[in-house]
Amino acid sequence: MKDSLVIGGVELSSRLFIGTGKYADHHQMKEAITTSESQVVTVALRRVDMDSEADNIVNDIPDHVTLMPNTSGARTADEAIRIARLAKASGMGNWIKIEVISDSKYLLPDNQETVKATEVLAKEGFIVLPYMSPDLMAAKQMEQAGASAIMPLGAPIGSNKGIRMKEMIQIMIDEIKVPIVVDAGIGKPSEAAEAMEMGADAVLVNTAIATADDPINMAHAFNLAVRSGRLGYLSGLGPISKKAHASSPLTGFLG
Amino acid sequence: MSFYTKLKEINTLSFDELFENVTNRDVEKVLKKDRLSEQDFMTLLSPAAENYLEEMAQKSHEITTQHFGKTMQLFLPLYLSDYCVNTCKYCSFSVDNDFPRRRLSMEEIEQEAKIIADMGIKHIILLSGESRMHSSNAYLKESLKVLKKYFSSIGLEIQPLDTEEYQELVDHGIDGLTVYQEVYNEEIYAGIHTKGPKRDFKYRLDTPERGAFAGMRSVNIAALLGLDDWRKESFITGLHAAYLQDNYLETEVGVSFPRIRPNAGDFQPKVDVTDKNLVQALLASRLFLPRSGITISTRETPEFRDQLIPLGVTKMSAASSTVVGGYTEPDATQSQFEISDERSVKEVKELLLAKGYQPVMKDWHILS
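Predicted, not measured: the structure shown is a model, and the values here were computed from it.

### Here's the deal with the overall build of chain B
For chain B, the count of helices and strands is 15 helices and 11 strands. Its C-alpha atoms give chain B a radius of gyration of 20 Å, within 12% of the compact-globule value 21 Å for 368 residues. The buried share of chain B, taken over its 368 residues, is 65%. Long-range pairs, those at least 24 residues apart, make up 76% of the contacts in chain B with a sequence separation of at least 6. Of the roughly 14300 Å² that chain B leaves accessible, carbon and sulfur atoms contribute 49%.

### What to know about the overall build of chain A
For chain A, the helix and strand inventory stands at 8 helices and 10 strands. The C-alpha atoms of chain A give 19 Å as radius of gyration, which agrees with the globular expectation for 255 residues (18 Å, within 12%). Judged by the C-alpha coordinates and their principal axes, chain A covers about 80 × 40 × 40 Å. Burial statistics for chain A: of 255 residues in total, 56% are counted as buried. Taking all contacts inside chain A whose residues are at least 6 apart in sequence as the whole, residues at least 24 apart take part in 65%. As displayed, chain A offers around 11300 Å² of accessible surface, 53% of which is attributable to carbon and sulfur atoms. Here chain A holds 24 positive side-chain charges and 31 negative ones, and the gap between their average locations is 6 Å.

### Remarks on the packing of aromatic side chains
All names here are of chain B. With the rule as written, the count across this model stands at 11 aromatic pairs over all chains. For the ring pair Y79 and F93, a centre distance of 5.9 Å and an interplane angle of 85° mean the geometry is edge-to-face. Highlighted residues: Y79 in strand β1 (residues 71–81) and F93 in the loop between β2 (87–88) and α6 (106–118), separated in sequence by 14 residues. Relative accessible area serves as the criterion here: at 2%, F93 is assigned to the buried category.

### Re the interface of chain B and chain A
Chain B puts 31 residues into the contact, and the matching count from chain A is 34 residues. A combined buried area of about 2900 Å² lies between chain B and chain A, and 44% of that area is made up of carbon and sulfur atoms. Remark: the boundary between chain B and chain A carries 5 salt bridges. Across the pair D246(B) and K105(A) runs a salt bridge, and its minimum N-O distance is 2.5 Å.

### Digging into the packing of helix α12 (residues 230–247) of chain B against helix α13 (residues 275–288) of chain B
Residues and elements named next belong to chain B. In contact at an axis separation of 10 Å, α12 and α13 are set at 25° when each is read in the N-to-C sense. Relative to α13, the element α12 lies roughly parallel. Of the two possible hands of crossing, α12 and α13 adopt the one that is right-handed. Where α12 abuts α13, its residues W230, R231, S234, G238, L239 and A242 lie against N277, Q280, A281 and F288. Split into classes, the residues belonging to the contact of α12 with α13 amount to 5 nonpolar, 4 polar and 1 charged.

### A few points about helix α2 (residues 77–89) of chain A
Residues and elements named next belong to chain A. For α2, which comprises 13 residues, the first-to-last C-alpha distance of 18 Å matches the rise-based estimate of 18 Å (1.5 Å per residue) to within 8%. Those residues of α2 not exposed but buried are A77, E79, A80, I81, I83, A84 and A87. Buried residues belonging to α2 abut β5 (66–70), β6 (95–98) and α3 (111–123). Where α2 terminates, the next one or two residues include G91, which has phi positive at roughly 85°.

### Details of the nonpolar core
Grouped together as the largest cluster of nonpolar side chains are 120 residues, with contacts concentrated most on L126(B) and L282(B). In contact with L126(B), not counting residues within four places along its chain, are L78(B), L80(B), L144(B), L147(B), I154(B), G155(B), L156(B), E157(B), I158(B) and I174(B).

### Considering the environment of L129(A)
Residue and element names in this part refer to chain A. Locating L129 in the fold gives a position in strand β7 (residues 127–132). Classification of L129 by relative accessible area gives buried; the value is 0%. Expressed as a C-alpha distance, the spacing of L129 and W95, which sit 34 residues apart in the sequence, is 7.7 Å. Apart from the residues lying within four places of it in its own chain, the contact partners of L129 are I7, F17, M68, W95, I96, K97, I98, A149 and M151.

### Considerations on the environment of I98(A)
Residue and element names in this part refer to chain A. Inspection of the secondary structure assignment puts I98 in strand β6. The exposure class assigned to I98 is buried, which follows from its relative accessible area of 0%. Separated by 11 residues in the primary sequence, I98 and P109 place their C-alpha atoms 9.6 Å from one another. Beyond its immediate sequence surroundings of up to four residues, I98 is in contact with T71, A80, T114, A117, T118, L121, V128, L129, P130 and Y131.

### What about the UniProt feature "binding site: 1-deoxy-D-xylulose 5-phosphate" (unreviewed entry) in chain A?
On the UniProt side, "binding site: 1-deoxy-D-xylulose 5-phosphate" (unreviewed entry) is annotated at positions that read G158(A), A184(A), G185(A), N206(A) and T207(A) here. Spanning 50 residues, the annotated positions come together in the fold, the maximum distance between their C-alpha atoms being 9.2 Å. With respect to the secondary-structure elements, A184(A) resides in the loop between β9 (181–183) and α6 (189–197). Residues in contact with A184(A), not counting those within four places in the same chain, are Y131(A), L153(A), G154(A), A155(A), I157(A) and L204(A). With residues near it in sequence (within four places) discarded, T207(A) still touches K22(A), G158(A), N160(A), A212(A) and Q66(B).

### Section: unusual backbone geometry
All names here are of chain A. Here K22, not a glycine, exhibits a phi torsion of approximately 75°, which is positive. Secondary-structure assignment places K22 in the loop between β3 (16–19) and α1 (26–36). A relative accessible area of 13% means that K22 is categorised as buried. For N160, which is not a glycine, the phi torsion comes out positive at approximately 55°. Accessibility expressed as a relative area gives 29% for N160, which makes it partly exposed.

Thresholds, definitions, all that
- Residues numbered from 1 in each chain as written.
- Chains lettered and ligands numbered in written order.
- Predicted model: local features only at pLDDT ≥ 70, side-chain atom pairs only at ≥ 80, totals over all residues.
- Heavy atoms only, no water.
- Helix = DSSP H or I, 4+ residues; strand = E, 2+ residues; numbered from the N terminus.
- Rg over C-alpha atoms; globule rule 2.2 N^0.38 Å.
- Buried < 20%, exposed > 50% of the residue type's maximum accessible area, 1.4 Å probe, protein only.
- Contact = heavy atoms within 4.5 Å.
- Areas by Shrake-Rupley, 256 points an atom, 1.4 Å probe, with all protein chains shown as cover.
- Lys, Arg positive; Asp, Glu negative; His and termini not counted.
- Charge placed at Lys NZ, Arg CZ, Asp CG, Glu CD.
- Phe/Tyr/Trp six-rings, centres within 6.5 Å; stacked < 30°, edge-to-face > 60°.
- Buried area = accessible area lost by both parts, 1.4 Å probe.
- Salt bridge = Lys/Arg side-chain N within 4 Å of Asp/Glu carboxyl O.
- Axes fitted to C-alpha atoms, helices over the stretch in contact; angles between N-to-C directions.
- Parallel < 35°, antiparallel > 145°, perpendicular 65-115°, else oblique.
- Left-handed = near helix turned anticlockwise from the far one by under 90°.
- Nonpolar A, V, L, I, M, F, W, Y, C, P; charged D, E, K, R; others polar.
- Expected span 1.5 Å × (residues − 1).
- Core = buried A, V, L, I, M, F, W, Y, C linked by side-chain atoms within 4.5 Å.
- UniProt positions renumbered as here; feature names shortened; annotations may be inferred.

Dropping the structure here:
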């Protein structure tokens with residue numbers, strides 16, 4: 001069964017996106033990307049050191065993946081736009097994950113500023129994937145502004161708490177036409193599978209893999225979980241019944 | 001708004017009694033919590049909590065890894081000038097100390113920048129003695145033109161400035177502000193800062209807030225440990241950081257734990273702060289402020305710094321010179337204080353990798 005996801009004209013057979021922060025070293029990161037079989041890898045422009053051959057993180061990202069630079073560190077739409085342009089000018093392609101965070105305490109995204117940045121960058125020809133707090137109206141505005149996919153958080157970033165925003169994300173999956181990528185908060189492979197079973201188009205994982213005792217095997221585990229969750233979704237999960245069905249129904253006498 | 005109002009409230013607490021009354025059971029209860037109150041923070045700084053340092057360390061390590069990953073950000077200080085108008089009894093740059101003073105020319109700054117950049121360092125902090133005449137905004141703006149060619153993040157640790165002055169420097173590429181209150185006890189503060197504008201306790205106390213208001217991306221504060229009871233000083237530093245973070249959500253608030261080092265005066269620390277004490281202050285602060293940056297400088301010995309790496313530290317300096325022009329001429333003139341860890345950037349990077357930490361050299365990109 002062919003089941004591919006198309007974003008920005010790129011056909012993806014893997015629905016697991018990977019982050020690059022928090023690894024103990026670049027070699028480990030590279031191995032984890034390989035085992036995850038991910039085809040989309042996000043990297044913070046703030047961490048990219050173009051002047052250093054040895055320290056440049058981009059050199060350790062396998063060539064076959066689509067690079068998705070992110071605007072980590074941006075506190076306003078304007079800063080996100082400037083970071084996106086710098087990324088493009090540095091030869092990192094035209095995908096951009098917009099992250100606008102003006103809250104250093106919980107690191108929650110600012111949806112309003114994110115909508116503004118999405119609009120400007122989509123017009124400039126970027127493939128824009130905004131990271132956001134799950135909210136249907138904001139998601140619709142981002143879609144309208146030209147977002148190629150929308151990335152709601154499952155739980156606060158780095159929290160490993162799972163899909164705490166489940167109801168809101170489900171509504172977005174049901175109502176938004178562009179792909180929904182659940183980003184942030186996924187702590188376990190089973191939670192990635194859960195997002196996929198809900199009908200999310202993809203998930204993005206960083207902390208849970210990068211800070212695992214064995215990041216390389218954890219990347220593999222997430223790869224399997226995402227594929228398994230997707231297959232479950234496609235196969236048509238049965239409706240969940242709250243009670244067991246009685247073998248002797250109450251209305252059996254009616255024949 | 002000012003932290004001074006909060007400080008006056010804090011000063012009404014009977015610290016000795018509060019710290020002594022903490023029981024083992026109180027500590028155990030706090031260790032089960034995810035979000036710590038001010039009272040919980042005090043509990044972790046108490047003598048009773050000394051029995052739980054390992055548990056605190058495990059938790060601190062876990063939280064830090066979760067939020068920052070297995071990474072350590074490296075930076076270096078760049079001393080621009082040692083002219084100073086203050087008398088601080090514990091500092092070699094104090095105006096009373098007689099030594100040939102120096103301020104770097106633009107050519108000399110470029111020379112220092114090249115040497116630091118060649119080590120692979122991308123983040124620097126500009127330091128000077130406190131002299132508005134010598135480390136003026138005009139001079140700093142000139143310096144930034146040179147430094148922006150070499151570095152991706154430039155912080156400031158100079159005399160306190162007004163909000164508008166900080167705004168001007170932010171517009172020219174400064175993104176971080178470090179300012180230590182030195183001591184939160186106003187009486188002790190008055191006794192060791194005897195001359196110069198630094199005598200104005202409240203102006204200094206409000207400095208990090210002016211920086212945050214002016215749009216600094218990061219603000220780093222500290223008490224100089226050894227000037228007053230470290231438990232009380234660490235408690236107030238943590239509350240000051242929390243106050244700043246609550247009021248300036250956009251700013252990353254960080255804390256440091258500088259211990260007094262030998263200097264050119266004859267000042268002796270009032271209080272002995274042991275390694276164990278410093279570790280407790282660091283761990284309690286991490287648990288109270290889970291996302292704050294925590295810096296450990298080369299004031300500490302290599303052996304001790306190595307042990308601190310997994311305990312919650314997120315930023316380290318390396319191969320630091322505390323001398324104006326010290327990277328170009330390592331043996332020159334007067335240092336601000338003696339450093340203990342003289343290892344090169346390369347050695348520190350190798351050590352971090354061996355300990356399972358990725359040395360992060362670049363973590364910002366100047367946009368202005």
